[in-house]
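# Overview (structure and organization)
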Amino acid sequence: MLEKHIQMVDLQGQYHRLKEEIDAAMQTVIESSAFINGPQVKAFGDHLAEYLDIPYVIPCGNGTDALQIALMALQLQPGDEVIVPAFTYVAAAEVIALLGLTPVLVDVDPRTYNIDPRKIEESISRNTKAIIVVQLFGQSCDMAPILRIAGMYHLHVIEDNAQSVGAEYTFPDGQVKKTGTMGVIGTTSFFPSKPLACFGDGGALMTSDESLAKRIRMIANHGQEVKYHHKLIGCNSRLDTLHAAVLDVKLKYIDEFTKARQVVARRYDEGLASCEQLILPKKSDFSTHVYHQYTVQLKPVGDYTDTAKLRESLQSFLKEKGIPSMVYYPLPLQAQDAYKWMARTPGNMNEAARLSQCVLSLPIHTEMTKEEQEYIIDAILDFYSNLVESNNIDERK
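Residues numbered from 1 in each chain as written. Predicted model: local features only at pLDDT ≥ 70, side-chain atom pairs only at ≥ 80, totals over all residues. Heavy atoms only, no water.

An unreviewed UniProt entry lists the protein chain under the name DegT/DnrJ/EryC1/StrS family aminotransferase, with Parabacteroides segnis as the source organism. According to its UniProt record, the protein chain has this under Sequence similarities (unreviewed entry): "Belongs to the DegT/DnrJ/EryC1 family." (UniProt positions renumbered as here; feature names shortened; annotations may be inferred.)

## Concerning the packing of aromatic side chains
Summed over the entire model, instances satisfying the criterion amount to 15 aromatic pairs. Here tyrosine 253 and phenylalanine 257 contribute two aromatic rings whose centre-to-centre distance is 6.3 Å and whose plane-to-plane angle is 25°, an arrangement assigned as stacked. What makes phenylalanine 257 buried here is its relative accessible area of 1%. Feature note: the residues Phe87, Tyr89, Tyr113, Phe137, Tyr328 and Tyr329 constitute an aromatic cluster, connected by ring pairs. Here the guanidinium or amino end of lysine 178 rests over the ring plane of tyrosine 51, the centre of that ring lying 4.7 Å away. (Phe/Tyr/Trp six-rings, centres within 6.5 Å; stacked < 30°, edge-to-face > 60°. Buried < 20%, exposed > 50% of the residue type's maximum accessible area, 1.4 Å probe, protein only. Lys NZ or Arg CZ within 6 Å of the ring centre and 35° of its normal.)

## What about empty space enclosed by the protein?
In total, this model carries two cavities of 30 Å³ or more according to the counting rule given. The calculated volume of the largest cavity comes to roughly 150 Å³. Together, 17 residues line the largest cavity, and Val9, Gln14, Ser193, Lys194 and Arg261 are the ones closest to its centre. Counting residues per element, the ones that place at least two in the lining of the largest cavity are α1 (11-17) and α9 (254-272). Here the residues of the lining of the largest cavity sort into eight nonpolar, five polar and four charged. In this structure, the second largest cavity encloses a volume near 40 Å³. Of the residues that constitute the lining of the second largest cavity, the class distribution is three nonpolar, five polar and two charged. (1 Å grid on protein atoms, 1.4 Å probe; cavity = no way out; pocket = protein on both sides within 12 Å on 5 of 7 lines; lining within 4 Å. Points joined across faces, edges and corners; volume = space filled by probe spheres on them. Helix = DSSP H or I, 4+ residues; strand = E, 2+ residues; numbered from the N terminus. Nonpolar A, V, L, I, M, F, W, Y, C, P; charged D, E, K, R; others polar.)

## Details of the packing of helix α10 (residues 307-320) against helix α12 (residues 350-358)
Helices that pack against each other are described as a pair by the angle of their axes relative to one another and the distance between those axes. Between α10 and α12, the least distance of the axes is 7 Å, while the angle of their chain directions is 30°. Classified by the interaxial angle, the pair formed by α10 and α12 is roughly parallel. Between α10, through Thr307, Ala308 and Arg311, and α12, the contact on the second element is made entirely by Leu355, Ser356, Gln357 and Cys358. The residue inventory of the contact of α10 with α12, partitioned by class, reads three nonpolar, three polar and one charged. (Axes fitted to C-alpha atoms, helices over the stretch in contact; angles between N-to-C directions. Parallel < 35°, antiparallel > 145°, perpendicular 65-115°, else oblique. Contact = heavy atoms within 4.5 Å.)

## Focus on a negative patch on the surface
A cluster of acidic residues, Glu371, Glu374, Asp378 and Asp382, forms a negative patch on the protein surface. Mapped onto the elements, glutamate 371 comes out in helix α13 (residues 370-390). Classification of glutamate 371 as exposed rests on a relative accessible area of 53%. (Patch = residues over 30% accessible without salt bridge, like charges linked within 9 Å, V, L, I, M, F, W, Y side chains within 5 Å. Areas by Shrake-Rupley, 256 points an atom, 1.4 Å probe, with all protein chains shown as cover. Salt bridge = Lys/Arg side-chain N within 4 Å of Asp/Glu carboxyl O. Lys, Arg positive; Asp, Glu negative; His and termini not counted. Charge placed at Lys NZ, Arg CZ, Asp CG, Glu CD.)

## Remarks on the sheet that holds strand β4 (residues 128-134)
One open sheet accounts for seven strands, arranged β1-β9-β8-β5-β4-β2-β3; its pairing is mixed. Edge positions in the sheet fall to β1 (56-60) and β3 (102-106), since each of these pairs with one other strand and no more. Across this sheet, the average inter-strand angle for adjacent strands is 25°, counted without regard to direction. Across five bridges, the pairing between β1 and strand β9 (residues 203-207) is antiparallel. Counterpart to cysteine 60 in the pairing with β9 is glycine 203. The strands touched by helix α4 (residues 63-73) are β1, β2 (81-85), β4, β5 (156-160), β8 (185-189) and β9; relative to β8, the strand with the most contacts, the crossing angle is about 165°. (Pairing = 2+ DSSP bridges.)

## Examining the sheet that holds strand β12 (residues 278-279)
Pairing is antiparallel in the open sheet, where three strands are placed in the order β12-β13-β14. The outermost strands of the open sheet, each flanked by one partner alone, are β12 and β14 (359-362). Pairing geometry for strand β13 (residues 294-298) and β14, over four bridges, is antiparallel. Bridge pairing in β14 places glutamine 297 opposite valine 359. Set on the sheet, α9 makes contact with β12, β13 and β14; between it and β13 the angle comes to about 25°.

## Description of the pairing of β5
Counted residue by residue, β5 has four buried out of five residues, so it is predominantly covered. Inspection of the sheet shows β4 paired to β5 by five bridges, in the parallel sense. Considered in β5, the bridge of isoleucine 131 is made with valine 157. The β-α-β motif built from β4, the intervening helix α6 (residues 143-153) and the parallel element β5 has right-handed crossover chirality. For β5 and β8, the ladder comprises three bridges, and the chain directions are parallel. (Right-handed = clockwise from strand over helix to strand, strands pointing away.)

So this is what it looks like as structure tokens:
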């Protein structure tokens, strides 16, 4: 076993690498005591807008708030439907429900884990008003057909870009845009484990529409443009100045962070290529991949047809060797108790259901060493070698 503890995400290591800059940025905030809406918040928003090549970025309290504010800004009404992928974190469906809207669940692509554009159009009804696409695990959905369908049916497209900041999508005509900038509103989270992360909760919305940007700012600030004059029903959602200072430092290194995770992903690809019992994550031709997660799928092995139990065995084996792993996500939205009664599911959710039983995310982060990764790869190969040998399974089958 390695002496150093392996982590899913090494936040401490990344901090120590940037410690001098981060400490100085935070100290500036502390000395000014401008803890709420200090100048660092605007500076970070401007710098993120420049990086994303989009006119307006509005920081807020967290990624879930960002999604809720986006729906509020679009003035959807109770009973309106919003399409959302069935295989995702609950936040997107949660804010839809909180606003009295109806989530419409759509199945996902079995290799990329993102919403399947081919299944969107058949899920649209006269009440459908918007689509939330989740740019899952680090790469873009296939946005060209999604935007085409949205245009045909006059639907708003919201991008949940919490896991894929920095990824780029190439349209069929060669145009390249960063994720979060293609829909009418993009949202993101700066939760500590995300590709662009602060030291707590934080989020942002981005848009090219000036009137929407103004409305979003008002909603995030109690519905007011002028203090104590409330034109809209809003909420209180703001990015702390200390978090903005940290983010402004990290933003300078975001492409470097991406390259580091891509190196880790390539090592996994190469090291696990011989393991026929795993399906490795597919990188789409139309998108770069920032590898927020490296998520594999477990195939049934011999008589082990229950991949969820096989996954438990693999996780236990890895844990004994000091290797963490995570399941994103063990239940698709259609199986969540809170949404069974109120979500509309016009098609089957076979892939979302299957993926929830067989996916496993391996450690990946900017500070991972080659030695650590070789240790993880060897452990996985040992697990499957022992499994095949103990059950007399012909690997060629």
